[in-house]
Amino acid sequence: MNPSLLTSSHSTSFLSPPPLKLTPSSLTLPKRHRKRELTGVQPIVSNLSPPLRLVSSAIILAGALAAGYGLGTKFGGGSRNLALGGAAVAGAAGGAVVFALNSAVPEVAAINLHNYVSGFDDPTQVSKEEIEGIAKKYGVSKQDETFNQELCDIYCRFVSSVLPPGGEELKGNEVETIVNFKNALGIDDPDAASMHVELGRRIFRQRLETGDRDGDVEQRRAFQKLIYVSTLVFGEASSFLLPWKRVFKVTDSQVEISIRDNAQRLYASKLKSVGKDIDVDQLVNLRQAQISYRLSDELAEDLFRQRTRKLIEENISAALDRLKSRTRTIQDVAKVVEELDKMLEFNNKLISLKNHADAALFARGVGPVSVLGGEYDNERKIDDLKLLYRAYITDALSGGRMEEHKLAALNQLKNIFGLGKREAETIILDVTSKVYRKRLAQAVSSGDLEFADSKAAFLQNLCEELHFDPQKATEIHEEIYWQKLQQCTADGELSDEDVKALTRLRVMLCIPQETIDAAHSDICGSLFEKVVKDAIASGVDGYDADVKKAVRKAAHGLRLTREAAMSIAGKAVRRILLNYVKRARMAENRTEGAKELRKLIAFNSLVVTELVADIKGESSVTPPEEPSKVEEKQIEDDEEWDDEEWENLDTLKKIRPSKEVAAKMGKPGQTEINLKDDLPERDRTDLYKTYLLYCLTGEVTRIPFGAQITTKKDDSEYLLLNQLGGILGLTVKEIVEVHRSLAEQAFRQQAEVILADGQLTKARIEQLNDVQKQVGLPPEYAQKVIKDITTTKMAAALETAINRGRLNMKQIRELKEASIDFNSLISENLRENLYKKTVDEIFSSGTGDFNEEEVYEKIPEDLNINAEKAKGVVHDLARGRLSNSLIQAVALLRQRNQQGVVSSLNDLLACDKAVPSEPLTWEVPEELADLYFIYMKNNPAPEKLSRLQYLLGISDSAATALGEMKDRELSVGAEEEKFVF
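A quick note: this is a predicted structure, and the numbers were derived from the prediction, not measured.

### A word on the overall build of the protein
Within the protein, the regular secondary structure consists of 43 helices and 2 strands. Within the span of the protein, comprising 981 residues, buried residues form 42% of the whole. Counting only contacts in the protein whose residues sit at least 6 apart along the sequence, the fraction spanning at least 24 positions is 76%. Approximately 53200 Å² of the protein is accessible, and the part contributed by carbon and sulfur atoms is 50%.

Below you can see the structure in the form of structure tokens.
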């Protein structure tokens, strides 16, 4: 065993490179004709038992000594020395003979062992006792190198003969056979393991010699099988007995892959015996085999499912062959169902085995079968599975009802085929719907349904027999009614016979009235809509007697309700009205837009009004005796407004015709069909305002040289404006609001000129009253406009004053006393800035005063700002100003500005009062003493002087000394160097 064979230029792992071709193994056990013969002294040794061999050795040695001694005496003339020398020489020769006999014992034992084993046609019949007898016979043991080498050689040849070539699979009994033979030989595990490694070396050398790619594949598989079988033979000890990684440069993962792949192949081979007649004993055996193969539960489960899937795929394929046969007969369909039933029976058997009490002892993976992951798990095959599912449902319903056990079978079949819930329900619904229609047709033709005591109960029972959703049945009923209605209206109207037939059908199928109305609205409505569109397309001049007759015939002949007919006509009419609106919006100017709106009004009066009258069956000349709902609503809206509203606005009075004018005009244009739901309120009011301005200003015509001529219109345009309001769906309130907003706009324009400076005098009030009467704006709205203008002017002035610092709290309080809402005029942000500026002024006033009630309560209340937030602003300002005040006081001290020093110290005390401070520090303590002395000379209040002493860190003794110097002038001469710069 030469390890250098594995460390040649091929440094890569044996399992990694492409495999070579594996030649059939020549390592077979010797046959009888290959027995080894005994030579030399070996036959003699073979016939001597250990005791006899010992006696023979003693006799040979003694005889040799005696003979040597005798010869020495004879030829030495009786000399004792020669006699002893002869004995020594003869003894040495005898010892050599004895040594030759004993040294041949291990070889003889090995030959006998070899011949014993080769004498069996089946090496597994070798007896452990016989081998031990051979060793005992010759007095040898496994520690004897020659005998042990023969054991290893026999074992190696046996293992090599048991392992199949690379192209063949393991049979599963190799491990047990090798273990039994190893135990029979009595070979130790380390020696046996070395033989497994030696076999690996031989395979590896054979790979290097072959150099063939296909052979390399077999070579690698042979090596993988050797690793797998060796691992099972030595069990847990294989990790240190079999140094695959060190000798062959293979990784742990490659060893694991070899074990996994071979275990999978063995288990898959074992699973081939599994059929649809699988039983408990077979499952237990499979579990035991899995454990012995060292196959994980996960892989075993996957292999078992693959096998069961293969079994049901055979049924599916057979069923599809029958189903897709061009010469398919009824018997073929029955065979399809039979194959599916076999599959379902197998599935039920697996489910019952899964729930068995001893299921823990069974092979892993026992449970419901599925095609997922197999041949039929793809998009192209799913349609075939749906065909089978449909065929099974059709067979289940062939008797006209659905049995409970068939429902359970369908659910299992859906799971086996991997169909989604929606897919399965769609197929069931499709098949069941056809069966339901057939049963329903039979019930109608036989009269069973018509003469049933309760038609609803009859239909419900039919749904229960088929397990059909009643809601789906209702949809079928509706579809049948729609088809019947389409047949009846093929000639454009419904006769009395048609109505009776439809009523009979509705009663039998229990169709609700809402559905009937919807069907008539859709089918009859589409016919009526065509007639309406033709009538509208005829235009203002083409709406003649023939058109009127066609409209009346369609409206009444199709048996449409008035509401349905008006709804259909309204859709068509509104499309035309919206076209007019679109052109009015796209007009070049307001005058052209008003002309388009006038065309809209004319179209409504001459075409739409006539159309509505024909639909209702009324005369277009005389108004109806009873007002419509829309007109009733219009009257109610009118009553909500006082006549005073109309009297105040001149334009509103003009759009309401007098009784005489209304009588001359006849029936007004219709307003039932309007654009209220088609346009936003703002767009409708803008269109109304456009025509109102046209009524006010007249038609403007431009002439050369930039001039224009305005042609005033008479008050009849206002009557058209009233009709436009109805067409646009504007309420009285919305119309009044448009007139009022226009009047308010005119009043505002003139009022802004009059109140340009924001001052309201008596003369200006009189002037504004004249303007208000002229435009007809109610007084309360005029006052609101005046207030808005003056307020805006005042707000701008106040904002400017605040920004420029010309407005203080005293002035603000005076404004509030004058009932001016200061808070609404000025934004909160600006009021907060004003508060901050006011507090800053307090901290820089030089008085040293700080009124907490004033700052924290009154001022925030006057400015309407948050008191807590205001308090935070004060604290932030005080902390910042405190140190700044000290720095400013020192700076003024150095400038000899004593009054400024006092003011700065007062500011410091004010900040301290807002936010009490710790004693302050300064680099030059003498300057702090000077500050204190100057402030003392100003005769402040005792409490202020005491607080300043604390803040400046002046001791009591220093304060007393400075007090004694109060009358003395502060010397600032250069020679005293009072000031340190």
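### Describing the nonpolar core
Tyr155, Phe417, Tyr436, Phe528 and Leu611 are the most contacted members of the largest nonpolar core, which totals 175 residues. A total of 11 residues in this core trace back to one element, the largest contributor, which is helix H24 (residues 562-585). In this structure, Phe417 is in contact with Ile316, Leu340, Met343, Val371, Ile382, Leu385, Leu388 and Tyr389, ignoring residues within four places of it in sequence. Judged by nonpolar contacts, the second largest core, of 47 residues, contains Ile812, Leu908, Ala910 and Ala959.

### Comments concerning helix H12 (residues 280-292)
Taking 1.5 Å per residue as the helical rise, H12 with its 13 residues ought to reach 18 Å, and the 19 Å between its terminal C-alpha atoms agrees with that figure. Residues of H12 that are buried sit in contact with helix H11 (252-271), helix H13 (297-323) and helix H14 (330-354). Of the residues flanking the end of H12, it is Arg294, one or two places downstream, whose phi is positive at about 60 degrees.

### Brief notes about the pattern of salt bridges
Considering all chains together, one arrives at 39 salt bridges under this definition. The salt bridge involving Glu169 is made with Arg265; its shortest N-O contact spans 4.0 Å. Residue Glu169 is found in the loop between helix H5 (145-162) and helix H6 (174-185), and its partner Arg265 is found in helix H11; the two are separated by 96 residues along the sequence. Its relative accessible area of 37% is what places Glu169 among the partly exposed residues. For Arg265, a relative accessible area of 28% translates into the label partly exposed. Its salt-bridge partner being Glu592, residue Lys595 comes within 3.9 Å of it at the nearest N-O pair. Here Lys595 pairs with Glu592, and both are found in helix H25 (residues 590-616), just 3 residues apart, close to one helical turn. Residue Lys595 is classed as partly exposed on the basis of its relative accessible area, which comes to 29%.

### Quick word on helix H19 (residues 470-488)
Given a rise of 1.5 Å per residue, 19 residues ought to cover 27 Å, and the 27 Å separating the end C-alpha atoms of H19 matches this to within 8%. Inspection of H19 places Ala473, Ile476, His477, Tyr481, Leu485 and Cys488 among the buried residues, and these make up the whole buried set. Those residues of H19 hidden inside the fold are in contact with helix H17 (421-446), helix H18 (455-466), helix H20 (496-509) and helix H21 (513-537).

### Side note on the packing of aromatic side chains
Throughout the structure, instances matching the rule amount to 8 aromatic pairs. Note on Tyr580 and Phe603: the rings are 5.7 Å apart at their centroids and 40 degrees apart in plane angle, and the pair reads as tilted. Remark: Phe603 occurs in helix H25 and Tyr580 occurs in helix H24; sequence separation between them is 23 residues. For the residue pair Tyr580 and Phe603, the accessibility class agrees, reading buried in each case. Taking NZ or CZ as reference, Arg583 lies 4.7 Å from the ring centre of Tyr580, over its face. Here Lys871 stacks its cationic end above the ring of Tyr856, 5.4 Å away from the centre of that ring.

### Focus: the packing of helix H15 (residues 379-396) against H17
Running from amino to carboxyl end, H15 crosses H17 at an angle of 45 degrees, the nearest separation of the two axes being 10 Å. With respect to H17, the axis of H15 lies oblique. Classified by chirality, the crossing of H17 by H15 is right-handed. Contacts between H15 and H17 involve Lys386, Tyr389, Arg390, Ile393 and Thr394 from the former and Glu423, Ala424, Ile427, Ile428, Asp430 and Val431 from the latter. For the contact of H15 with H17, the class distribution of residues is 6 nonpolar, 1 polar and 4 charged.

### Some remarks on the environment of Tyr293
By the element assignment, Tyr293 lies in the loop between H12 and H13. In this structure, Tyr293 is in contact with Gly172, Tyr228, Leu232, Ala263, Leu266, Tyr267 and Lys270, ignoring residues within four places of it in sequence.

### A short note on the environment of Lys349
Here Lys349 lies in helix H14. Owing to a relative accessible area of 31%, Lys349 belongs among the partly exposed residues under this scheme. For the pair Lys349 and Lys276, spaced 73 residues apart in sequence, the C-alpha separation works out to 8.6 Å. Sequence-distant contacts of Lys349, that is, excluding residues within four places in its chain, are made with Lys276, Asp277 and Ile278.

### Digging into the packing of helix H30 (residues 681-697) against helix H32 (residues 732-754)
Taken N-terminus to C-terminus, the directions of H30 and H32 make an angle of 55 degrees; their axes are 10 Å apart at the nearest point. Between H30 and H32, the crossing angle belongs to the class labelled oblique. Crossing angle aside, the handedness with which H30 passes H32 is right-handed. Mapping the contact onto sequence places Glu681, Arg684, Thr685, Tyr688, Lys689, Leu692, Leu693 and Leu696 in H30 and Glu734, Ile735, Val738, His739, Ser741 and Leu742 in H32. Looking at the contact of H30 with H32, its residues break down into 7 nonpolar, 3 polar and 4 charged.

### Brief notes about the side chain of Thr231
The residue Thr231 is located in helix H8 (residues 213-234) in this model. On the basis of relative accessible area, Thr231 is assigned to the buried category, the value being 5%. The contacts of Thr231, once residues within four sequence positions are left out, are Ser238, Leu242, Ile259 and Arg294.

### Here we look at the side chain of Thr609
Within the secondary structure layout, Thr609 lies in helix H25. Overall, the relative accessible area of 6% leaves Thr609 in the buried class.

### A few points about the environment of Leu719
Note that Leu719 resides in helix H31 (residues 716-727). Remark: the alpha-carbon pair of Leu719 and Lys654, spanning 65 residues in sequence, is separated by 7.3 Å.

### With respect to the confidence of the model for the protein
Mean pLDDT for the protein: 77, with 75% of residues reaching 70 or above. Of all the helices and strands in the protein, helix H26 (residues 629-639) carries the lowest mean pLDDT, 48, while H13 carries the highest, 92. Contacts from residues 1-33, a stretch scored under 50 in pLDDT, to residues over four places away or in other chains number 97 contacts. Contacts of residues 969-981 to residues separated by more than four positions or lying in other chains number 17 contacts, the stretch itself having pLDDT below 50.

Cut-off values and rules
Residues numbered from 1 in each chain as written. Predicted model: local features only at pLDDT ≥ 70, side-chain atom pairs only at ≥ 80, totals over all residues. Heavy atoms only, no water. Helix = DSSP H or I, 4+ residues; strand = E, 2+ residues; numbered from the N terminus. Buried < 20%, exposed > 50% of the residue type's maximum accessible area, 1.4 Å probe, protein only. Contact = heavy atoms within 4.5 Å. Areas by Shrake-Rupley, 256 points an atom, 1.4 Å probe, with all protein chains shown as cover. Core = buried A, V, L, I, M, F, W, Y, C linked by side-chain atoms within 4.5 Å. Expected span 1.5 Å × (residues − 1). Salt bridge = Lys/Arg side-chain N within 4 Å of Asp/Glu carboxyl O. Phe/Tyr/Trp six-rings, centres within 6.5 Å; stacked < 30°, edge-to-face > 60°. Lys NZ or Arg CZ within 6 Å of the ring centre and 35° of its normal. Axes fitted to C-alpha atoms, helices over the stretch in contact; angles between N-to-C directions. Parallel < 35°, antiparallel > 145°, perpendicular 65-115°, else oblique. Left-handed = near helix turned anticlockwise from the far one by under 90°. Nonpolar A, V, L, I, M, F, W, Y, C, P; charged D, E, K, R; others polar. pLDDT = per-residue confidence, 0-100.

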